[in-house]
Amino acid sequence: MKKVFIFLGPPGSGKGTQTSRLADKLSIPHIDTGSLLRKNIQDETTLGKIAKGYIDKGQLVPLEVVSSVIKDRLMKDDCNNGYILDGFPRSIEQAHELEKIMSEIGKFSLKNDALAVYFDIDNEILVQRLINRRSCPKCGTIYNLISNPPKIMDYCDICDSKLQTRKDDNEETARLRFETYEKETAPLYGFFKEIGILKELKADKPISEIWENLKNIIFE
Ligand code: AMP
């Protein structure tokens, strides 16, 4: 089985939910650059201060910032047996950077050890999904007020914390994030296909059905 999994798809396509499940099942870390950057913003680090302006505008944070955040994370020992990348790489430039980092730190190779899973979904329904998304700041569980609501409105089923709406999950920023996705990230589909590591998953299905299909792809 492959060691590195790259989840590719537009914002709100359900990558985060499925990544968490897969990380639990394989006991490898779920590495999500969006969360790592938000943590830097919360901790008021230098990287966080640079990242904030880009995130608020729905744009990609500069390569040097993301590269530094991801390299530090991949160097940790819990990545020695594999890892799942969610939200990185997000451009062809970042894919080349990932290849470089993997070889520098000696943790796997993109062509031989990685599988990219493309979450195929119609963009039209995604803005609605994003603006109805809520997440738990404590345990990270993701809800959707329409398709996957918490049992008690606004509170996490698992740890009872008050749920939050991400600042960039408003309609205006969500639309800008889609534009950025189309321009910068969508070309990765062709890139991964060309190097023979791409699999596709229909992502407009219930969470449990996507999970079954994902397991078939991963364990086939
Ligand atoms: P996400 O949580 O994946 O939706 O990411 C939220 C925001 O963080 C994005 O809109 C970008 O501004 C920034 N971001 C996350 N991952 C990356 C990345 N790999 N490269 C550049 N910016 C990123």
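What counts and how
- Sequence order as written defines the numbering, with residues in each chain counted from 1.
- Totals for whole chains, interfaces and linings use all residues, but because this is a predicted model, local features are given only for residues with pLDDT of at least 70 and pairs of side-chain atoms are given and counted only at 80 or more.
- Here the side-chain values reflect all heavy atoms present in the structure, with hydrogen atoms and water set aside.
- To get an axis, fit a line to the C-alpha atoms, keeping to the stretch in contact for a helix; angles then go from 0 to 180 degrees between the N-to-C directions.
- Only DSSP runs of H or I covering at least 4 residues are called helices, and only runs of E covering at least 2 are called strands; the numbering of each starts at the N terminus.
- Any angle between 65 and 115 degrees counts as roughly perpendicular, while under 35 counts as roughly parallel, over 145 as roughly antiparallel, and the rest as oblique.
- Helix crossings are classified by the rotation of the near helix relative to the far one: an anticlockwise turn of less than a right angle makes the crossing left-handed, while a clockwise turn makes it right-handed.
- Two residues form a contact once any of their heavy atoms are found within 4.5 Å.
- When residue character is reported, Ala, Val, Leu, Ile, Met, Phe, Trp, Tyr, Cys and Pro are called nonpolar, Asp, Glu, Lys and Arg charged, and the others, Gly included, polar.
- Each salt bridge in this description consists of a side-chain nitrogen of Lys or Arg and a carboxyl oxygen of Asp or Glu lying within 4 Å of one another.
- Burial classes: relative accessible area under 20% of the type maximum marks a residue as buried, over 50% as exposed, and values in between as partly exposed (1.4 Å probe, protein chains only).
- Note on ring pairs: Phe, Tyr and Trp rings are taken, using the six-membered ring of Trp, and paired if centres are within 6.5 Å. Classes follow the plane angle, with under 30 degrees stacked, over 60 edge-to-face and the rest tilted.
- Note on criteria: charge over ring means Lys NZ or Arg CZ within 6 Å of the ring centre, with the direction from the centre no more than 35 degrees off the ring normal.
- When at least one non-hydrogen atom of a residue lies within 4 Å of a molecule or strand, that residue is treated as near it.
- The term polar contact refers here to a pair of N or O atoms within 3.5 Å; inside protein, the definition further demands a hydrogen-donor-capable atom paired with an acceptor-capable atom, and it admits residues adjacent in sequence only when both atoms are side-chain atoms.
- Only the protein chains shown count as cover for residues, and all accessible areas are computed by the Shrake-Rupley method using a 1.4 Å probe.
- Think of a nonpolar core as a cluster: buried Ala, Val, Leu, Ile, Met, Phe, Trp, Tyr and Cys residues, connected wherever their side-chain atoms sit within 4.5 Å.
- Here the expected span of a helix is defined as 1.5 Å times the quantity of residues minus one.
- Directions drawn from the helix axis to the C-beta atoms are what define this arc.

Asks: Lay out the packing of helix H1 (residues 15-26) against helix H10 (residues 207-219) in plain terms, naming residues and giving numbers.
Replies: Put simply, H1 and H10 touch, their axes get as near as 10 Å, and they point 50° apart. One finds that H1 runs oblique with respect to H10. Pair H1 / H10 crosses with right-handed handedness. Every residue of H10 that contacts H1 at Thr17, Gln18, Arg21, Leu22, Lys25 and Leu26 is listed here: Ile207, Ser208, Ile210, Trp211, Leu214, Lys215, Ile218 and Phe219. Grouping the amino acids of the contact of H1 with H10 by side-chain chemistry returns 8 nonpolar, 3 polar and 3 charged.

Asks: Talk me through the pattern of salt bridges; I want residue IDs and the actual numbers.
Replies: This model, assessed by the stated rule, comprises 18 salt bridges. The closest approach of N and O atoms between Lys111 and Glu99, which form a salt bridge, is 3.4 Å. In this pair, Lys111 sits in helix H6 (residues 110-113) while Glu99 sits in helix H5 (residues 92-105), placing the two residues 12 residues apart along the sequence. Look at Glu99 and you get partly exposed, because its relative accessible area is 23%. For Asp204, the salt bridge goes to Lys205, with nearest N and O atoms at 3.9 Å. Given the relative accessible area of 30%, Lys205 is considered partly exposed. Members of the salt-bridge network, linked through shared partners, are Arg133, Arg166, Asp168, Asp169 and Arg177.

Asks: A description of the environment of Ile158 should follow, citing residues and the corresponding values.
Replies: Positionally, Ile158 belongs in the loop between strand S6 (142-144) and helix H8 (171-185). On a C-alpha basis, the gap between Ile158 and Cys136 in space is 9.1 Å, while along the polypeptide they are 22 residues apart. Discounting residues that sit within four places of it in the chain, Ile158 has contacts with Cys139, Thr141 and Tyr143.

Asks: Describe the packing of aromatic side chains, listing the residues and the values that go with them.
Replies: Within this structure, the stated rule accounts for 4 aromatic pairs. Between Tyr118 and Tyr189, the aromatic rings sit 5.0 Å apart at their centres with planes inclined by 75°, giving edge-to-face as the arrangement. A residue pair is termed long-range when its members are at least 10 positions apart, and Tyr118 in strand S4 (residues 114-120) and Tyr189 in helix H9 (residues 188-194) qualify at 71 residues. For Tyr118, a relative accessible area of 15% corresponds to the buried category. For the pair Phe191 and Phe192, a centre-to-centre distance of 5.7 Å together with 70° between the ring planes defines the contact as edge-to-face. Phe192 carries the same exposure label as Phe191, and that label is buried. Above the ring of Tyr54, the side-chain terminus of Lys57 is found at 5.9 Å from the ring centroid.

Asks: Describe the site of the ligand, and please don't skip the residues or the numbers.
Replies: Contacts to the ligand come from 16 residues, most closely from Thr33, Gln59, Gly87, Arg90 and Gln94. Within the contact set of the ligand, an oxygen atom lies 2.6 Å away from a backbone nitrogen or oxygen of Gln59. Compared with its free state, where it exposes 480 Å², the ligand has 95% of that area covered by protein. Ranked by residue count, the leading element in the shell around the ligand is helix H2 (residues 33-42), at 4 residues. Here the residues of the shell around the ligand sort into 6 nonpolar, 5 polar and 5 charged.

Asks: Provide a residue-level description of the nonpolar core, including the pertinent values.
Replies: Formed by 32 residues in total, the largest nonpolar core has its most connected members in Ile6, Leu74, Tyr83, Leu85, Leu98, Leu110 and Phe192. At the level of secondary structure, the elements contributing two or more residues to this core comprise strand S1 (4-8), helix H3 (46-56), helix H4 (63-74), strand S3 (83-86), H5, S4 and H9. Among the nonpolar cores identified, the runner-up in size contains 23 residues, and Ile28, Ile84, Leu214 and Ile218 belong to it.

Asks: For H5, give the residues involved together with the corresponding values.
Replies: Between its terminal C-alpha atoms H5 stretches 20 Å, which fits the 20 Å expected from 14 residues at 1.5 Å a residue. Residues Gln94, Ala95, Glu97, Leu98, Ile101, Met102 and Ile105 constitute the buried set of H5. In a view along the axis of H5, the buried residues occupy a sector of 160°, so they form one face of it. Of the surrounding secondary structure, the elements contacted by the buried residues of H5 are S1, H4, S3, H6 and H9. Once H5 finishes, Gly106 follows within two positions and takes phi at roughly 65°, a positive value.

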